[in-house]
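Listed below, chain by chain, are the residues.
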Amino acid sequence: MEIFDYDNILLLPRRCRVESRAECDPSMEFGPRSFKLPVVPANMKTVVDAPITEWLAANGYFYVMHRFDLDTVAYARRMRELGLFVSISSGVKPADFAVIDRLAAEGVGADYITIDIAHGHAESVRKTIEHIKHRLPNTFVIAGNVATPEAVIDLENWGADATKVGVGPGKVCITRLKTGFGTGGWQLSALKWCARVATKPIIADGGIRDHGDIAKSVRFGAAMVMIGSLFAGHDESPGKTVEVDGKLFKEYYGSASDFNKGEYKHVEGKRILEPIKGPLADTLREMREDVQSSISYSGGTKLADIRKVNYVILGGDNAGEHLLM
């Protein structure tokens, strides 16, 4: 198979069919709802918190609330009281099963549940999907993270409604350095590989460094793109503010880091400082405009048209145009 990542690929433009890029529609359906953009901030403590997720849900964006140091049931109840959809994270341990049981018993439920573990191709994930589907049968279940077609097939067969692809490509993830495994450095190839066998939506998770990478993810099969670093470091971001040489930064660390775990045990993440970017709404506006531009370059009017374009691989022996596959 071809091995490439976001910085090795450029998409090839087709004849533009719109008078203005503003005519292009970057919205998409994901599960039971439609959203303004095919992006979701990573479900990490330094990326999202309750106020941010409330704003996202109220303004037409998808979100996944993290599961760390959180009363998930109380959070879900609060979102219901606000008239907003509920999208939460779950682990695979008995305490996580108890949360699912409480959501069901108290009638709170959830619209989306993301099973969020580093190695999602696991028997524990199968059991968790089974438990969620038994207790909350109408919930849209996202499971991951995985890296291979075999894993996507298994998760879909186990009952997942969507799978999350990406093991270690994130900016604060060091899985490949600590374990020798992962999709860091070839995340876009892994996405293409997995999308070929998927019959349900895929979320591309990790490795996004620029807005153009969203279009590349869609081209190679992503229904949704999970982004950490580009959404960290905003005025509203929950990470601690740090001043270095007179400049302000926000703390950003991985869910598998010792900063998140509270102990140095099975660590596969690190901490970095992101320059403060200003309001989150401004980034989302710019992101929306950039995706609209991507659609216009694809010769289309809607997000799915990006999947029809050809691409080139930059550098290496196999450089050159590759027809739509």
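As a convention, each chain's residues are numbered from 1 in the sequence order in which they are written. The predicted nature of this model means local features are confined to residues of pLDDT at least 70 and side-chain atom pairs, given and counted, to a pLDDT of 80 or more, with totals for whole chains, interfaces and linings taken over all residues. Side-chain numbers come from the whole structure's heavy atoms, not from hydrogens or water.

Novice: Explain the side chain of His131 to me, please; I cannot follow it from the model alone.
Specialist: Structurally, His131 is set in helix 4 (residues 123-135). Any two residues having at least one pair of non-hydrogen atoms within 4.5 Å are treated as being in contact. Residues in contact with His131, not counting those within four places in the same chain, are Phe97, Ile100 and Asp101. Per the convention used, a helix needs a DSSP run of H or I reaching at least four residues, while a strand needs a run of E reaching at least two, with both numbered from the N terminus.

Novice: Hey, could you run me through helix 7 (residues 187-195) in this one?
Specialist: Since there are 3.6 residues in each turn of an α-helix, residues three or four apart along the chain are aligned in direction. Relative accessibility under 20% of the residue-type maximum defines a buried residue, over 50% an exposed one, and the middle range a partly exposed one, all with a 1.4 Å probe and only protein chains included. With respect to burial, helix 7 is a largely interior element, seven of its nine residues being buried. The complete set of buried residues in helix 7 reads Gln187, Leu188, Ser189, Ala190, Leu191, Lys192 and Cys194. Tucked inside the fold, the buried residues of helix 7 contact strand 1 (9-11), helix 5 (149-158), strand 8 (162-165), strand 9 (202-205), helix 8 (212-219) and strand 14 (311-313).

Novice: Got a minute to help me understand a nonpolar patch on the surface in this structure?
Specialist: Surface patches are defined over residues having more than 30% relative accessible area and no salt bridge, joining like charges when they lie within 9 Å and nonpolar side chains (Val, Leu, Ile, Met, Phe, Trp, Tyr) when within 5 Å. The accessible surface values rely on the Shrake-Rupley method and a 1.4 Å probe; as for residues, cover is taken only from the protein chains in view. The salt bridge definition used is simple: a Lys or Arg side-chain nitrogen within 4 Å of an Asp or Glu carboxyl oxygen. A cluster of nonpolar residues, Met1, Ile3 and Trp193, forms a patch on the protein surface that exposes about 320 Å² of accessible area. Its location among the elements puts Ile3 in the segment before strand 1. Classification of Ile3 as exposed rests on a relative accessible area of 51%.

Novice: What is the right way to read the packing of aromatic side chains from this model?
Specialist: One pair of aromatic rings is described through two measures. These are the centre distance and the angle between the planes. For Phe, Tyr and Trp, where Trp contributes only its six-membered ring, two rings pair if their centres lie within 6.5 Å, and the inter-plane angle classes them as stacked under 30 degrees, edge-to-face over 60, or tilted in between. Taken as a whole and judged by the stated rule, the model has 16 aromatic pairs. Arranged with centres 5.4 Å apart and planes meeting at 45°, the rings of Phe4 and Phe220 form a pair that is tilted. With Phe4 in the segment before strand 1 and Phe220 in the loop between helix 8 and strand 10 (224-227), the pair connects residues that are 216 residues apart, well separated along the chain. For the ring pair Phe35 and Tyr112, a centre distance of 6.3 Å and an interplane angle of 55° mean the geometry is tilted. Taken together, the residues Phe35 in strand 3 (residues 33-35) and Tyr112 in strand 6 (residues 112-116) connect sequence positions 77 residues apart. As far as burial versus exposure is concerned, Phe35 and Tyr112 are alike and both buried. Linked through ring pairs, Phe30, Phe35, Phe62, Tyr63, Phe85, Tyr112 and Phe140 together constitute an aromatic cluster. Arg219 extends its terminal NZ or CZ atom over the ring of Phe220, reaching a point 4.9 Å from the ring centre. We count a charge as sitting over a ring when the NZ of a lysine or the CZ of an arginine lies within 6 Å of the ring centre and within 35 degrees of the ring normal.

Novice: Help me out: how do you make sense of helix 3 (residues 94-105) in this one?
Specialist: By this rule, a helix spans an expected 1.5 Å times one less than how many residues it contains. When the terminal C-alpha atoms of helix 3 are compared, their 16 Å separation across 12 residues agrees well with the 16 Å that a helix rising 1.5 Å per residue should span. Restricting attention to buried positions, one finds in helix 3 the residues Asp96, Ile100 and Leu103. In a view along the axis of helix 3, the buried residues occupy a sector of 60°, so they form one face of it. For helix 3, the exposed residues set more than 90 degrees away from the buried face come down to Pro94, Ala95 and Ala105. Buried residues along helix 3 sit in contact with helix 2 (72-81), strand 5 (87-90), strand 6 and helix 4. A positive backbone phi angle near 70° is found at Gly107, which sits one or two residues after helix 3. Think of the arc as the fan of directions from the helix axis to the C-beta atoms.

Novice: Teacher, can you tell me more about the packing of helix 1 (residues 50-58) against helix 10 (residues 280-297) here?
Specialist: Relative placement of two packed helices is described by the angle separating their axes and the distance separating the axes. Between helix 1 and helix 10, the least distance of the axes is 12 Å, while the angle of their chain directions is 40°. When the axes of helix 1 and helix 10 are compared, the pair comes out oblique. In the crossing of helix 1 with helix 10, the sense of the turn from one axis to the other is right-handed. Within the contact between the two elements, helix 1 uses Ile52, Trp55 and Leu56 and helix 10 uses Leu280, Ala281 and Leu284. Every axis corresponds to a line fitted to the C-alpha atoms, with the helix fit spanning only the stretch in contact, and the corresponding angles, defined between N-to-C directions, vary from 0 to 180 degrees. Angle categories are assigned with fixed cut-offs, so that under 35 degrees is roughly parallel, over 145 is roughly antiparallel, 65 to 115 is roughly perpendicular, and the rest are oblique. Should the near helix be turned anticlockwise from the far one by less than a right angle, the crossing is left-handed, and should it be turned clockwise, the crossing is right-handed.

Novice: What is the right way to read the environment of Leu280 from this model?
Specialist: On the secondary structure map, Leu280 appears in helix 10. As a C-alpha pair, Leu280 and Trp55 span 225 residues in sequence and 10.0 Å in three-dimensional space. Other than its neighbours up to four places away in sequence, Leu280 contacts Ile52, Leu56, Phe231, His234 and Glu236.

Novice: Hey, could you run me through the packing of helix 1 against helix 2 in this one?
Specialist: Direction vectors running N to C along helix 1 and helix 2 enclose 35°, while the axes themselves pass 11 Å from each other. Viewed along their axes, helix 1 and helix 2 form a crossing whose handedness is right-handed. Within the contact between the two elements, helix 1 uses Ala50, Thr53, Glu54 and Ala57 and helix 2 uses Tyr75, Arg78 and Met79. Here the term charged refers only to Asp, Glu, Lys and Arg, the term nonpolar to Ala, Val, Leu, Ile, Met, Phe, Trp, Tyr, Cys and Pro, and the term polar to all other amino acids, Gly among them. Residues of the contact of helix 1 with helix 2, tallied by class, amount to four nonpolar, one polar and two charged.

So yeah, pure geometry; function would need other evidence.
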